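# Structural description and commentary
These are the residues of each chain, in order.
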Amino acid sequence: MKILVVNAGSSSLKYQLIDMQTEGVIAKGNVERIGIKGSVLKAKGNGHEKVFEQDMPDHKVAIELVLHALTDSEIGVIKSMEEIGAVGHRVVASGEYFKKPTLVDDEVLKTLEKTFELGPLHNPAAATGVKACIEVMPHTPMVLVFDTSFHQTMPPKAYMFGIKYEDYKEYSVRKYGAHGTSHKYVSQEAAKYLGKKPEQLKIVTCHLGNGSSITAVDGGKCVDTSMGFTPLDGVLMGTRSGCIDASAVEFLARKKGLNAADMVKYLNKECGVLGISGVSSDFRDLIAGAEGGNERCRLALDMFNYQTKKFVGSYAAAMGGLDCIVFTAGIGENTPQVREGVCEGLEFLGVKLDKDANAGKNTGAIRDISAKDSKVKILVVPTNEELAIARETLALV
Ligand code: AMP
């Protein structure tokens with residue numbers, strides 16, 4: 001079966017068409033500037049790339065153009081849309097409405113609208129993408145795959161905030177986590193690589209990218225994760241502050257004359273390693289800066305490694321043991337300095353890095369970077385959220 005994976009943002013749309021027999025990508029592309037002047041689709045297929053520049057006032061027109069590209073005479077990879085067996089849609093926030101990947105019907109679409117206030121930037125776009133696909137492919141099953149699903153197994157003691165219980169019940173304010181599709185995928189790939197069943201392992205997965213989150217996976221299930229009600233919580237990130245005392249937020253808001261919404265924007269966009277370094281949110285720039293003697297770049301990196309390490313240690317405590325640490329995503333897969341900084345000092349837990357293996361090139365395959373006598377396996381596992389969404393979609397249809 002061929003599965004189309006759609007990841008719709010507010011003005012963008014990324015897609016991949018995956019052949020589930022081989023799990024290979026047969027076409028992919030992205031649309032930018034939907035609803036804005038200068039809309040463009042960059043599509044790849046048949047070993048070629050083609051750029052479609054045309055007005056795309058909404059997601060329906062964008063989806064129509066994507067399907068046109070999939071059947072295009074030059075870069076097309078299918079003859080008709082009937083060849084697409086199902087569509088998997090990435091959805092960022094689920095609240096407490098959806099616990100697992102869900103087949104779309106009218107009722108589900110109505111419920112999806114209730115999640116808009118939990119993911120105001122992403123969820124309305126995802127719903128628009130789903131509706132656009134239904135209009136163009138009315139008989140093809142649509143599946144919603146949530147970033148939060150994998151975290152639904154967290155126990156209440158892990159997902160509750162210390163607020164009034166009545167307010168949790170009334171407003172559903174609790175930890176939901178994010179990057180769940182990636183954490184699930186890399187933890188399963190790690191188990192496969194180690195020749196073990198997920199049930200046999202206590203794994204901490206570190207998804208370290210522009211957004212970063214760390215998850216405790218005990219016996220194949222998420223028992224805790226570092227992101228919270230929204231992806232602002234946890235370690236400091238590219239431009240996000242990570243966790244911060246709520247009173248400091250109120251104090252800063254007063255000093256800077258910002259209202260609540262502007263303050264959240266500030267914490268999401270101006271803080272993190274960008275705010276600390278004053279140089280960049282990109283770790284390649286930070287490492288270059290630190291190597292050139294920039295103290296604030298050094299501090300940003302030290303903070304990131306230290307905060308990540310603390311999550312690894314606390315999750316080992318939460319699970320009562322640790323068999324494996326997994327590093328994934330842009331930084332996790334490509335930045336040996338961070339992996340070394342995170343593992344340093346965790347020797348008491350049985351974590352011992354092989355520095356040469358850690359310094360080795362990213363091959364795109366799973367790499368074991370632990371020393372031979374390390375009790376805890378340390379793996380670099382490339383994430384593949386699109387394939388994970390396609391697998392979830394296939395499992396449901
Ligand atoms: P992501 O959000 O997963 O795309 O990760 C982006 C982060 O990964 C940025 O901070 C990049 O600096 C960092 N990174 C480091 N090396 C690479 C690389 N070779 N390719 C992509 N991202 C990289």
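Residues numbered from 1 in each chain as written. Predicted model: local features only at pLDDT ≥ 70, side-chain atom pairs only at ≥ 80, totals over all residues. Heavy atoms only, no water.

### Observations concerning the packing of helix 2 (residues 106–114) against helix 3 (residues 123–136)
One can describe the packing of helix 2 onto helix 3 by two numbers: an axis separation of 11 Å at closest approach and a directional angle of 160°. Viewed along their axes, helix 2 and helix 3 adopt a mutual orientation that is roughly antiparallel. Helix-helix and strand crossings are classified by hand; for helix 2 and helix 3 the assignment is left-handed. Contacts from Leu109, Leu112 and Glu113 in helix 2 reach Ala127, Val130, Lys131 and Ile134 in helix 3. Within the contact of helix 2 with helix 3, the residues separate by chemical class into 5 nonpolar, no polar and 2 charged. (Axes fitted to C-alpha atoms, helices over the stretch in contact; angles between N-to-C directions. Helix = DSSP H or I, 4+ residues; strand = E, 2+ residues; numbered from the N terminus. Parallel < 35°, antiparallel > 145°, perpendicular 65-115°, else oblique. Left-handed = near helix turned anticlockwise from the far one by under 90°. Contact = heavy atoms within 4.5 Å. Nonpolar A, V, L, I, M, F, W, Y, C, P; charged D, E, K, R; others polar.)

### Things to note about the UniProt feature "binding site: Mg(2+)" (unreviewed entry) in the protein
Following the UniProt record, the feature "binding site: Mg(2+)" (unreviewed entry) maps to Asn7 and Glu385 here. For the residues just named, distributed over 379 residues, the greatest C-alpha separation is only 10.1 Å, placing them together at one site. Mapping Asn7 onto the fold places it in strand 1 (residues 2–8). Residue Asn7 is classed as buried on the basis of its relative accessible area of 18%. Not counting residues within four places of it along the chain, the set of residues in contact with Asn7 comprises Ser12, Leu13, Lys14 and Arg90. Positionally, Glu385 belongs in helix 15 (residues 385–396). Residue Glu385 is classed as partly exposed on the basis of its relative accessible area of 23%. Once residues lying within four places of it in the same chain are set aside, the contact partners of Glu385 are Thr181, Ser182 and His207. (UniProt positions renumbered as here; feature names shortened; annotations may be inferred. Buried < 20%, exposed > 50% of the residue type's maximum accessible area, 1.4 Å probe, protein only.)

### Structural notes on the packing of aromatic side chains
Throughout the structure, instances matching the rule amount to 6 aromatic pairs. With a centroid separation of 6.2 Å and an interplanar angle of 40°, the aromatic rings of Tyr176 and Phe229 are classed as tilted. With Tyr176 in the loop between helix 5 (165–171) and helix 6 (180–193) and Phe229 in the loop between strand 11 (221–225) and helix 7 (246–256), this residue pair connects regions lying 53 residues apart in the sequence. Judged by relative accessible area, Tyr176 falls into the buried class, the value being 4%. Each member of the aromatic cluster is reached from another via a ring pair, and the members are Tyr159, Tyr165 and Tyr168. (Phe/Tyr/Trp six-rings, centres within 6.5 Å; stacked < 30°, edge-to-face > 60°.)

### Things to note about the sheet that holds strand 3 (residues 24–32)
The strand order 5-4-3-2-1-6-8-7 describes an open sheet built from 8 strands, whose pairing is mixed. Each edge of the open sheet is held by one strand with a lone partner, namely strand 5 (48–53) and strand 7 (102–103). Of the strands in this sheet, strand 6 (84–91), strand 7 and strand 8 (142–146) touch helix 2, which is tilted by about 30° from strand 8. (Pairing = 2+ DSSP bridges.)

### Quick word on the site of the ligand
Lining the immediate surroundings of the ligand are Gly209, Asn210, Ser281, Asp282, Phe283, Arg284, Ala329, Gly330, Ile331, Asn334 and Thr335. The separation between an oxygen atom of the ligand and a polar main-chain atom of Asn210 is 2.8 Å. Here Gly330 contributes a backbone N or O atom positioned 2.9 Å from an oxygen atom of the ligand. Look at the ligand: alone it shows 490 Å² of surface, and the protein chains cover 65% of it. Among the elements that take part in the shell around the ligand, helix 12 (residues 329–334) stands out by supplying 4 residues, more than any other. Its residues assigned to classes, the shell around the ligand comprises 3 nonpolar, 6 polar and 2 charged. (Near = heavy atom within 4 Å. Polar contact = N/O pair within 3.5 Å; in protein donor to acceptor, adjacent residues only side chain to side chain. Areas by Shrake-Rupley, 256 points an atom, 1.4 Å probe, with all protein chains shown as cover.)

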